[in-house]
Amino acid sequence: MSTLLGRTRAYLASGQPDALRALAAELHAADLADLFLQLNTRERLAMLLLLDVDRAAGVLEELPDEVRGQLLEQLNDEEASRLILQMGTDEAADVLGELPRDRLRRLLHRMGREAEEVEILLRYREDTAGGLMTTDYVAVRDHLRVADAIEELRRVGQDAELPYYVYVVDGEERLRGVFSLRDLVVAPPDAPVREIMRTDPVAVHPETDREEAARTLEKYDLLALPVCDTDGRMLGIITADDLLRVTEEEGTEDVLRLAGAPAVMAGLAGGLPWLWVVKRAGFLAFNLVLNVVAAVLISRFESTLERLVALAFFFPMVAATAGNVGTQSLAVAVRGMATGFLGEDPWRVAIREVLTGAAVGAVCGGVAFVFATLWQGNLQLGVVVGGALWASLTLAAAVGMVIPLCFAAIRVDPAVASGPLITTITDNISLGLYLVLATLVLAVSP
Amino acid sequence: MSPLVDRLRQLVRDPTRAREALRGRHPADVAEALRTLPDAEARQVLEVLGPQGAEVMAYLPPERQRALLQEAPPSLQAQILAGMSTDDAADLLGTLRPEEAGALLDRMAPAEAEDVRRLLRYGPQTAGGRMTPEFVAVRQDQSVAEALAELRRLAPSAETVYYVYVVDHEGRLQGVVGLRDLIVASPEARLAAVMSSRVISVQAEDDQETVARLFEKYGLLALPVVDREGRLVGVVTVDDVLNVVEEEATEDAYRLAGLFEAVETERSPWRRALRRLPWLLGLMGLEAAAAQVVGRFEHALQALVALAFFIPMLNDQAGNMGTQCVAFAVRAIATGEVDRRSYRAYALREAVVGLASALTSAVVAAAIGWVWWQDARLSLALSLTVFVTMNVAALLGYLIPLGLTLLRRDPALASGPLITSFMDFATVTVYFTVAVHLLGLGG
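Residues numbered from 1 in each chain as written. Chains lettered and ligands numbered in written order. Predicted model: local features only at pLDDT ≥ 70, side-chain atom pairs only at ≥ 80, totals over all residues. Heavy atoms only, no water.

**Re the overall build of chain B**
What chain B contains, in helices and strands, is 22 helices and six strands. Its C-alpha atoms give chain B a radius of gyration of 30 Å, clearly above 22 Å, the size a compact globule of 443 residues would have. Along the longest, intermediate and shortest principal axes, the C-alpha atoms of chain B span 90 × 60 × 40 Å. Taking all 443 residues of chain B together, 54% fall into the buried category. (Helix = DSSP H or I, 4+ residues; strand = E, 2+ residues; numbered from the N terminus. Rg over C-alpha atoms; globule rule 2.2 N^0.38 Å. Buried < 20%, exposed > 50% of the residue type's maximum accessible area, 1.4 Å probe, protein only.)

This is the structure:
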């Protein structure tokens, strides 16, 4: 890689565009983008302008948003629009969507006919099917023949990205059917496309959540998913490789949510985004303030504690075990919603989860009872620790499962139900139960 | 109950009519309806569905597939396995005990059984284990017309043809042609002229996460798999990879929460509990050690019972810091953003985050102590504890997953609860030691 980088730098310094283009031709766009990222800002700009326009556009598609934004700022409108025209419409919309309004308008104006398609895409939010789709697909009218479809494929040339399906639409652009290139190869050239197409193709609405779209594509094992409006008119397609990224991002989001970590703004491994450091530190400091509630709660039971100081020994055990059980149920709920295994009736799974909490609580409570009784030689203390643990683990399972489900039901982002929020709640529930139980038991004892 | 389920039930009583109604339904939908039926009924439905049943089977979750197949009569077993694609059949047989799988393989057609056996040789989480051997390969000296003819001959069995692979006389991968390019190319052209030799491939032994990362990076629909000699042995398709990415994320989330076994498949709460208990009980052992530590400072607690108020707050703080760092490290490693080369920069950045967070929280902790108790020494004790334990938690939170990766183990083994419980122990030790010294509560 270093020799590749060295050669690139040398060609750039000595101004050898042909050698540079030959070198770029050897590389896949994603690798070319990797190489590009190792250059300094001035070299990047020089390279972008020296490459063939389609290669340069390919690199631009692969670059991280910030780098791309920086580069575009340094290009004049003519250079920028030339590059954007060469990009896939979905990528072009992503790039344009990040630009300031007046520049966006100027560039769209320069792009002419292509601008219409991009403007459609710009209408949809990033986390919807419409925001992910591209208008580069191959569609043929339903009265055509196989040979016409092949002709159409030849005509769209390199524009449609990785075409695998050919969609069949009627005179009103309504999606009627689909066939794959494989079907096309096997079919006789004069067969009507209507005969080789599969009818009732699976499609999603542009406002559909992108996670939902990913699940649909996965469920039916498709390579691309058509997007249609309410009248069934075809607007675009979402390709499987885009959804692969969605699935991975959502997975990361879920894992970070369990840990209460703020959403990732830059790449996980990037440099040192200070705003992000501030966010993470701020979140933890806020969490500390939230946990004062538990401290105040305990202070209300000061006299109970004074009577039996040994109660404090078990604070970490009671709070942590309840927190663990709550977080486990949260993990089941969060991933269950993401992958769809909770199915039609998540509440049934919730009941199962609470019963699991009760079972876990019975065993953990029993073990804690034996430990506390034997260690401190105090049966009452054992009963309090064991009893409180059993009850709080049952409740913790309920909290971990039910809170995200409720949030989802009332359409609040379930991300609010993060791991730390759940542990803060289970801390208070478990410690409260523990100290109330202790006060009661101590009150009836001599 | 959905109408589709009723249709499936009806299928057993009146096959012809119900089969008519099911025609055109996507096997994924039929599978979804089938999931709600008890095993015995589901088996009857699969039997009546015939070859369509095998297709439906592939959309069921692996555990259900296994349960349905194991108890099925031999004729149905053979019917299902024959109808499934080779990679699906291998995935299913791979979940069985070797002797069971062997018996089932003997019932399959010898050629198909051989293909499945070959796939079974690879680990289930490798490229080889995820690939299908059904692909279309042509030699580079053949023409486009010959390639299309070959495609027509093979297409009915090769269900996933997006690319045609070009190989040399030894079967070594030389290039790739997209199906579209093949269709629009002139029929007399040699493949060597239309193919792209910039073909990305993986080795059969490569880990599935490597495979997923390549798909993502290059936006692929299919990835050829080669053996050590560079010979093409199979193809991994994007739909399989989507499942891999989802499974890996779920596994990470579960492990982070201290769940080490798939739980969603268990229905009985007792059995679900049994799977979680060993881990929870082990962590309680750590908490018992923390209890012993607090027990050592009984005299200090008796002197100032208010010390106990802050235990959960301090514990929580260190636990959250550690869990955050574990989560970032686990996903950064899983998505390939951090690897064996770039871990130093990552560790440095996490250290800065740890330090900044510990400092901020230490100031807040001091303020809490002061506002509530108006005692400078208690404030200082809280603040110092927060600062020390959060730094330790951050350090462990990223060092343990990175260390596990360097040792080639799954970084997610360093789960949130493990680090939380360990930090509970460490936190009470630091807290009471510091408090006893600063507040002069020692004996």
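That shown, we press on.
**A look at unusual backbone geometry**
Residues and elements named next belong to chain A. Its identity is not glycine, yet Asp200 carries a phi of approximately 50 degrees, on the positive side. Residue placement: Asp200 occurs in the loop between strand 4 (198-199) and helix 15 (210-219). Positive phi outside glycine occurs at Asp221, with the angle close to 50 degrees. Mapped onto the elements of the fold, Asp221 is located in the loop between helix 15 and strand 5 (224-228).

**Comments concerning the packing of helix 9 (residues 101-111) of chain A against helix 10 (residues 114-122) of chain A**
All names here are of chain A. One way to put it is that helix 9 packs onto helix 10 with a least axis distance of 7 Å and a crossing angle of 140 degrees. The angle between the axes of helix 9 and helix 10 places the two elements in the oblique class. Contacts between helix 9 and helix 10 involve Leu104, Leu108 and Met111 on the former and, on the latter, Glu114, Ala115, Val118, Glu119 and Leu122. (Axes fitted to C-alpha atoms, helices over the stretch in contact; angles between N-to-C directions. Parallel < 35°, antiparallel > 145°, perpendicular 65-115°, else oblique. Contact = heavy atoms within 4.5 Å.)

**So, the packing of helix 8 (residues 86-94) of chain B against helix 10 (residues 110-120) of chain B**
To characterise two packed helices, one gives the angle between the axes of the helices and the distance between these axes. Residue and element names in this part refer to chain B. Packing of helix 8 against helix 10 brings their axes to within 9 Å, and their N-to-C directions diverge by 60 degrees. By the angle between their directions, the pair helix 8 and helix 10 is classed as oblique. Between helix 8 and helix 10 the crossing geometry is right-handed. On helix 10, the residues that touch Thr86, Asp87, Ala89, Ala90, Leu93 and Gly94 of helix 8 are Asp115, Val116, Leu119 and Leu120. In the contact of helix 8 with helix 10, the residues fall into six nonpolar, two polar and two charged. (Left-handed = near helix turned anticlockwise from the far one by under 90°. Nonpolar A, V, L, I, M, F, W, Y, C, P; charged D, E, K, R; others polar.)

**Details of the confidence of the model for chain B**
Residues and elements named next belong to chain B. On average, residues of chain B score 84 in pLDDT, and 95% of them are at 70 or above. Averaged pLDDT values for the elements of chain B fall to 72 in helix 2 (residues 15-22) and rise to 94 in strand 4 (residues 202-203). Scored by ipTM, the complex comes to 0.70, with pTM at 0.72. (pLDDT = per-residue confidence, 0-100.)

**Considering the confidence of the model for chain A**
Overall, the predicted model of chain A reaches an average pLDDT of 85, with 92% of residues at or above 70. pLDDT under 50 marks residues 265-270 of chain A. Its contacts with residues more than four places away, or in other chains, come to 19 contacts.

**Regarding the interface of chain B and chain A**
Each partner contributes residues to the interface: chain B has 111 residues there, and chain A has 113 residues. Taken as a group, Arg180(B), Leu242(B) and Arg349(B) account for 8% of the area that chain B buries against chain A, more than any other trio of residues on that side. Of the charged contacts, one joins Lys217(B) and Asp31(A) as a salt bridge, the two residues approaching to 2.8 Å between their closest N and O atoms. If one sorts the elements of the side of chain B that touches chain A by residue count, helix 17 (residues 269-296) of chain B sits on top with 18 residues. (Buried area = accessible area lost by both parts, 1.4 Å probe. Salt bridge = Lys/Arg side-chain N within 4 Å of Asp/Glu carboxyl O.)

**Overview of the sheet that holds strand 1 (residues 137-139) of chain B**
Residue and element names in this part refer to chain B. The strand order across the open sheet formed by three strands is 1-2-3, and the pairing between neighbours is mixed. Edge strands, defined here as strands with exactly one partner in the open sheet, are strand 1 and strand 3 (173-178). Averaged over all pairs of adjacent strands, the angle between their axes in this sheet comes to 35 degrees, without regard to strand direction. When strand 1 meets strand 2 (residues 163-167), the two strands line up parallel, connected through three bridges. Across the sheet, the residue bridging to Arg139 is Val167, located in strand 2. (Pairing = 2+ DSSP bridges.)

**So, the pairing of strand 5 of chain A**
Consecutive side chains along a regular strand alternate between the two faces of the sheet. All names here are of chain A. Burial within strand 5 is extensive, with five of its five residues counted as buried. Burial of strand 5 is two-sided: the residues Ala224, Pro226 and Cys228 facing one way and the residues Leu225 and Val227 facing the other way are all buried. Note: strand 5 against strand 6 (residues 234-239), five bridges, orientation antiparallel. Residue pairing for strand 6: Leu225 is matched across the bridge by Ile238. Where strand 5 hands over to strand 6, the hairpin turn is made up of five residues, of which Gly232 adopts a positive phi near 85 degrees.

**Quick notes on empty space enclosed by the protein**
With a probe scaled to a water molecule rolled over the atoms, the places where space remains empty come into view. On inspection of all chains with the given rule, the structure shows eight cavities of 30 Å³ or more. Looking at the largest cavity, its volume works out to about 290 Å³. Along the walls of the largest cavity sit 25 residues, with Asn324(A), Thr327(A), Thr423(A), Asn320(B) and Thr420(B) positioned nearest its centre. Looking at the lining of the largest cavity, the elements with two or more residues in it are helix 20 (315-339) and helix 23 (419-444) of chain A together with helix 16 (238-256), helix 19 (311-334) and helix 22 (416-439) of chain B. Of the residues assigned to the lining of the largest cavity, the class counts are eleven nonpolar, eleven polar and three charged. (1 Å grid on protein atoms, 1.4 Å probe; cavity = no way out; pocket = protein on both sides within 12 Å on 5 of 7 lines; lining within 4 Å. Points joined across faces, edges and corners; volume = space filled by probe spheres on them.)

**Some details on helix 20 (residues 343-373) of chain B**
Between its first and last C-alpha atoms helix 20 of chain B spans 43 Å; for 31 residues at 1.5 Å apiece the expected length is 45 Å, and the two agree. Positive phi shows up at Gln374(B), right after helix 20 of chain B, with a value of about 50 degrees. (Expected span 1.5 Å × (residues − 1).)

**Looking at the sheet that holds strand 4 of chain B**
All names here are of chain B. Read across the open sheet, the three strands follow the order 4-5-6; overall the sheet is mixed. Two strands in the sheet have a free side with no partner beyond their single neighbour: strand 4 and strand 6 (232-237). Pairing of strand 5 (residues 222-226) with strand 6, which is carried by five bridges, proceeds in the antiparallel orientation. Note that in strand 6 the partner of Val226 across the bridge is Leu232. Along the sheet, helix 15 (residues 208-218) contacts strand 4, strand 5 and strand 6; its crossing angle with strand 5, the most-contacted strand, is approximately 140 degrees.

**A word on helix 12 (residues 146-156) of chain A**
When we look at burial in helix 12 of chain A, the residues that qualify are Val146(A), Ala149(A), Glu152(A), Leu153(A) and Val156(A). Relative to the axis of helix 12 of chain A, the buried residues are bounded by an arc of 110 degrees and lie together on one face. Buried-residue contacts for helix 12 of chain A involve strand 1 (138-141), strand 3 (175-180), helix 13 (181-186) and helix 14 (193-196) of chain A together with helix 13 (179-184) of chain B. (Arc of directions from axis to C-beta.)

**Comments concerning the packing of aromatic side chains**
Tallying each qualifying case throughout the model produces 16 aromatic pairs over all chains. Geometrically, the ring pair formed by Phe297(B) and Phe432(B) is stacked, given 5.3 Å between the ring centres and 20 degrees between the ring planes. Of the two residues, Phe297(B) is situated in the loop between helix 17 and helix 18 (298-303) and Phe432(B) in helix 22; the sequence distance between them amounts to 135 residues. Each of the two residues, Phe297(B) as well as Phe432(B), counts as buried. Where Trp372(B) meets Trp373(B), the ring centres are 5.6 Å apart and the plane angle is 80 degrees; that geometry is what we call edge-to-face. Since its relative accessible area comes to 27%, Trp373(B) is described here as partly exposed. Here a set of aromatic residues connected by ring pairs shows up, and it is made of Tyr137(A), Tyr164(A), Tyr165(A) and Tyr167(A). (Phe/Tyr/Trp six-rings, centres within 6.5 Å; stacked < 30°, edge-to-face > 60°.)

**Let's talk about the environment of Asp106(B)**
Residues and elements named next belong to chain B. Along the chain, Asp106 falls in helix 9 (residues 98-107). On the accessibility criterion, Asp106 (59% relative accessible area) is exposed. For Asp106 and Ala78, which are 28 residues apart along the polypeptide, the C-alpha to C-alpha distance reads 9.4 Å.

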